[in-house]
Amino acid sequence: MEANMARSNEKSHMIIENKKRKRLEEIFTCLDSDGDGQISSTKIDIASVGTDVLEAFAPLLCEMEELGQTLTLEDFLEAADKLLKTLTVAERDKLLMIRKNN
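Let me begin by describing the structure that accompanies this report. (Residues numbered from 1 in each chain as written. Predicted model: local features only at pLDDT ≥ 70, side-chain atom pairs only at ≥ 80, totals over all residues. Heavy atoms only, no water.)

### Concerning the packing of aromatic side chains
Part 1 of the reasoning: Per the counting criterion, the structure on display carries two aromatic pairs.
Part 2 of the reasoning: A centroid spacing of 5.5 Å and a plane angle of 50° characterise the contact between Phe28 and Phe76, whose relative ring orientation is tilted. Of the two residues, Phe28 sits in helix α1 (residues 2-31) while Phe76 sits in helix α3 (residues 73-84), which places them 48 residues apart along the sequence. An identical accessibility class is assigned to Phe28 and Phe76; each is buried.
Part 3 of the reasoning: Measuring from centroid to centroid gives 5.6 Å for Phe57 and Phe76, while their planes differ by 20°, and the two rings are stacked. Here Phe76 lies in helix α3 and Phe57 lies in helix α2 (residues 51-67), a separation of 19 residues in the sequence. One exposure class covers both Phe57 and Phe76, and it is buried.
Part 4 of the reasoning: Through a chain of ring-to-ring contacts, three or more aromatic side chains come together here, namely Phe28, Phe57 and Phe76. (Phe/Tyr/Trp six-rings, centres within 6.5 Å; stacked < 30°, edge-to-face > 60°. Helix = DSSP H or I, 4+ residues; strand = E, 2+ residues; numbered from the N terminus. Buried < 20%, exposed > 50% of the residue type's maximum accessible area, 1.4 Å probe, protein only.)

As structure tokens, this is what we get:
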């Protein structure tokens, strides 16, 4: 019984992680103004994402600008994952639009 519960929890975790990755990829695609697979402070479309997204990702976007960095999707996913850990569960769920009844 405990083994089934552990597998169920693992499956739930995988589903949530896949939804999170998909949502972060959507955000990256919106920010990628020219569709070249990279974002930078000079090539970014912040108008295409909502204010919730901008507020949450402001530290990441500001750091990218200050350091003159260009981020690929994988770079963005890694940095976004670290950033998401600083948010409350409610903020993270709202940003990622993860619902328990999906």
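### Some thoughts on the side chain of Lys20
Part 1 of the reasoning: In this structure, Lys20 sits in helix α1.
Part 2 of the reasoning: By relative accessible area, Lys20 is classed as buried at 13%.
Part 3 of the reasoning: In terms of polar contacts, Lys20 uses its side chain to reach the side chain of Glu17, at 3.3 Å. (Polar contact = N/O pair within 3.5 Å; in protein donor to acceptor, adjacent residues only side chain to side chain.)

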